[in-house]
Amino acid sequence: MAGRRAPVSAPTAVVVRLKLSLLRNGLRQSAGRRAAYVASAVVVLLFAALQLVGLVALRGHAHAASLVVLLVAVLGLGWAVMPLFFPSGDETLDPTRLVMLPLRPRPLVRALLAASLVGIGPLFTALLLAGSVVSVAHGAAAYGVGVLGAVLGLLVCVTLARAVAAANIRLLTSRRGRDLAVLSGLVVAIGAQVVNFGAQQLGSSGLGRLDPAADVLRWVPPAAAIGAADSASEGSYGTAATQLLLTAAALVALLVVWERSLTRLMTAPDGSTLQAAGSGTRERRGSLGLARLLPAGRTGTVMERSLRYVWRDPKTKAAWVTSLAIGLIVPVFNALQGTGSPYFACFAAGMLGIQMYNQFGQDTSAFWMVALSISSTRDAYAELRARALALLVITLPYTALVAVVTTGLLDDWPRLPEVLGLSCALLGAMLATGAWTSARFPYSIPQEGYKNVAPGQAGLACTAIFGGMVAAALLCAPVIAVTIWLNVSAGGDAWTWLLLPAGAAFGATLTWLGLRLAAPRTAARLPEILTAVSRGLGIPVVKPPFQGVQGIYVRTIKSNGNSEHRTYDPLISHICIK
């Protein structure tokens, strides 16, 4: 009939189909993405299956409930934290895309919650919760409570992730929010070391050490849902009911918070741009105040630019945060575990020295502006020296801090001078090799995505980094040999303090020689460097085809298929068309 309305599908079914369509279309984009997704799914499911088997095998252990409760609590914490570090992992996490549709918050919450249950993460969580129930449940009543608790625990985990993402979606979609993903590597590195340290402690003292923490966490959702199954197994049905009610109350509270966040997102304007505009002047003034501490002239300008990259460029910041974290975690955690050595502090110098490699890659296609200011070997040396000094502003005090902390934890203070000397020598060697490989093996760093090397340049990057690290280790061989000789010879301990000034002088000499060798190569290879660091950006560069003309020739392809060569000459202020 003409006056009859067409049936309207329920929002839940539409959003679930949308989630499946996004997943299916994403896998159709490329065979590589499809293979990566399938491989990651297989790995996650295999890990979940192993966890399930391990939890089932734990059934009947005296402290099984403590381990399971703590495991579920960590799982809930992961669901709460991961949306902050990986905001783009699920395209349906941003409900502002639906703001123009006639949807009310409550039906939208139900629809998004149902869509959230589709994926590898919820399946992994469901398997882990099922194994936890089997591990602690004894009797029909306990299994009934455990099944209900597992369902509530899964809903709490998923809702917690959605509520956190909705409450911070404006932050996560901004530049500062995307920079937050930089900390994901730090979280993974620290988490892996904490798990390793905890496993060693439990292996030596047993699972009984988990009981005090489990007694508290069994009342905190979602761990309370599994604690209810354990309580029912012991016949404490009142306690089990209370724990289930706490989990259900937490689920309702999270749903209310999520609904309010959605209402605010879909009705309130986004004022982030106004805040950014208002804070720009203050930030600029602060940076100018810090710049006054830097040297005058070209050196201070280049140092400030390099430090700005560290603070503001996401890829550069990610590399620095990871290096700083791992450089501290490895020696400190090994010292805490009793298996470390003061010489592990040199690991920090090695991790931070890597930042000198591929110095021009972080400039990407903007390197042509740097190249405009380089017209001689002297200019190239000043550029490289300033970049090295910018790194030393961070690396020197941090390396000294790691050395002091490591030796202090091991209570081996007599070795501090030689550790500092070795660290300075290694840092100087890596600055030297990093400057040379930056000129000889530059490569492009994509600004989008998670890859740090442009397609087709992975071999070049590996050659530069690993080859430079091996060369740096060989350059430090004299200092290492002297250190070994002083430690094995009779009376050599009295002279180990000389390794500090000797290592510092040796590292400074290596840095100076490396910069001197890299400067003429940099000045002679400006077009090749620009070609390499602009890979994948549509800016092919060729060598100058004309003799006697100084400058960088960039070939650009016009829309009509013709090509033109443009000369960016450091001696002129305009662009010449050849």
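Residues numbered from 1 in each chain as written. Predicted model: local features only at pLDDT ≥ 70, side-chain atom pairs only at ≥ 80, totals over all residues. Heavy atoms only, no water.

A.B. asks: Help me out: how do you make sense of the overall build of the chain in this one?
C.D. replies: Each helix and strand in the chain was counted, giving 23 helices and three strands. The buried share of the chain, reckoned over its 578 residues, is 40%. Here the contacts in the chain between residues at least 6 apart in sequence split such that 74% fall between residues at least 24 apart. About 29,500 Å² of surface is accessible on the chain, with carbon and sulfur atoms providing 67% of the total. (Helix = DSSP H or I, 4+ residues; strand = E, 2+ residues; numbered from the N terminus. Buried < 20%, exposed > 50% of the residue type's maximum accessible area, 1.4 Å probe, protein only. Contact = heavy atoms within 4.5 Å. Areas by Shrake-Rupley, 256 points an atom, 1.4 Å probe, with all protein chains shown as cover.)

A.B. asks: I keep staring at the state of the cysteines and nothing clicks. Help me out?
C.D. replies: Where two cysteines share a covalent bond between their sulfur atoms, that bond is called a disulfide. By the definition in use, this model includes zero disulfides. For the unlinked cysteine Cys424, the closest cysteine sulfur is that of Cys346, found at 9.4 Å. Accessibility expressed as a relative area gives 22% for Cys424, which makes it partly exposed. (Disulfide = S-S within 2.5 Å.)

A.B. asks: Mind showing me how you'd approach the side chain of Thr316 here?
C.D. replies: Its place among the elements puts Thr316 in helix H15 (residues 314-336). The class for Thr316 is buried, based on a relative accessible area of 8%. Once residues lying within four places of it in the same chain are set aside, the contact partners of Thr316 are Tyr309, Val310 and Gln362.

A.B. asks: How should unusual backbone geometry be read in this particular structure?
C.D. replies: Where the residue is not glycine, phi is negative for most of them; where a peptide bond is considered, it is trans in most cases. Backbone torsion omega between Pro221 and Pro222 reads 0°, so that peptide bond is classified as cis. Mapped onto the secondary structure, Pro222 falls in the loop between helix H10 (211-217) and helix H11 (223-233). The residue Asn358 is not glycine, and still its phi comes out positive at about 55°. Note that Asn358 resides in the loop between helix H16 (346-353) and helix H17 (367-372). We classify Asn358 as buried; its relative accessible area is 7%. For Thr364, which is not glycine, the phi torsion reads 50° and is therefore positive. Of note, Thr364 is situated in the loop between H16 and H17.

A.B. asks: Would you explain H15 in this entry?
C.D. replies: Quick reminder: α-helices carry 3.6 residues per turn. Residues three or four places apart thus point the same way. Spanning 23 residues, H15 covers 32 Å between terminal C-alpha atoms, matching the ideal 33 Å at 1.5 Å per step. Positive backbone phi, at 80°, marks Gly338, one or two positions downstream of H15. (Expected span 1.5 Å × (residues − 1).)

A.B. asks: What exactly am I supposed to notice about the packing of aromatic side chains here?
C.D. replies: What describes a pair of aromatic rings is the distance from one ring centre to the other and the angle between the planes of the rings. One pass over the structure, following the stated rule, counts three aromatic pairs. Ring centres of Phe47 and Phe124 lie 6.0 Å apart, and the angle between their planes is 15°; on these two criteria the pair is classed as stacked. Here Phe47, found in helix H2 (residues 31-57), pairs with Phe124, found in helix H5 (residues 120-136); they are 77 residues apart in sequence, far enough to count as distant. Measuring from centroid to centroid gives 6.2 Å for Trp436 and Phe441, while their planes differ by 70°, and the two rings are edge-to-face. (Phe/Tyr/Trp six-rings, centres within 6.5 Å; stacked < 30°, edge-to-face > 60°.)

A.B. asks: Please explain the nonpolar core as it appears in this structure.
C.D. replies: Proteins that are soluble and globular tend to have nonpolar side chains buried together. Formed by 46 residues in total, the largest nonpolar core has its most connected members in Ile226 and Trp258. The dominant element in this core, judged by the number of residues it contributes, is helix H6 (residues 140-167), at 13 residues. Apart from the residues lying within four places of it in its own chain, the contact partners of Trp258 are Val109, Leu112, Leu113, Thr159, Arg162, Ala163 and Ala166. Counting residues in hydrophobic clusters, the runner-up holds 31 residues, among them Ala345, Ala348, Ile374 and Leu431. (Core = buried A, V, L, I, M, F, W, Y, C linked by side-chain atoms within 4.5 Å.)

A.B. asks: Would you take a moment to explain the packing of helix H4 (residues 105-116) against H6 for this structure?
C.D. replies: Packed helices, taken two at a time, are described by their axes: the angle between them and the distance between them. Here H4 crosses H6 at 115°, and the two axes come no closer than 10 Å. The interaxial crossing formed by H4 with H6 has right-handed handedness. Together, Leu112, Leu113 and Ser116 of H4 and Leu155, Val158, Thr159 and Arg162 of H6 make up the contact between the two elements. In terms of residue class, the contact of H4 with H6 is made up of four nonpolar, two polar and one charged. (Axes fitted to C-alpha atoms, helices over the stretch in contact; angles between N-to-C directions. Left-handed = near helix turned anticlockwise from the far one by under 90°. Nonpolar A, V, L, I, M, F, W, Y, C, P; charged D, E, K, R; others polar.)

A.B. asks: Please explain a nonpolar patch on the surface as it appears in this structure.
C.D. replies: Taken together, the side chains of Leu328, Leu336, Leu401, Val405 and Leu409 make up a nonpolar region of the molecular surface, amounting to roughly 380 Å² of accessible area. Secondary structure elements with two or more residues in the nonpolar patch: H15 and helix H18 (377-410). Looking at which element gives the most residues to the nonpolar patch, the answer is H18, with three residues. Looking at the element boundaries, Leu401 is found in helix H18. What makes Leu401 partly exposed here is its relative accessible area of 46%. (Patch = residues over 30% accessible without salt bridge, like charges linked within 9 Å, V, L, I, M, F, W, Y side chains within 5 Å. Salt bridge = Lys/Arg side-chain N within 4 Å of Asp/Glu carboxyl O.)

A.B. asks: What's the story with the environment of Thr377 in this structure? I'm lost.
C.D. replies: Along the chain, Thr377 falls in helix H18. In the structure, Thr377 is positioned 139 residues away from Arg516 in sequence and 8.9 Å away in space, judged by C-alpha atoms.

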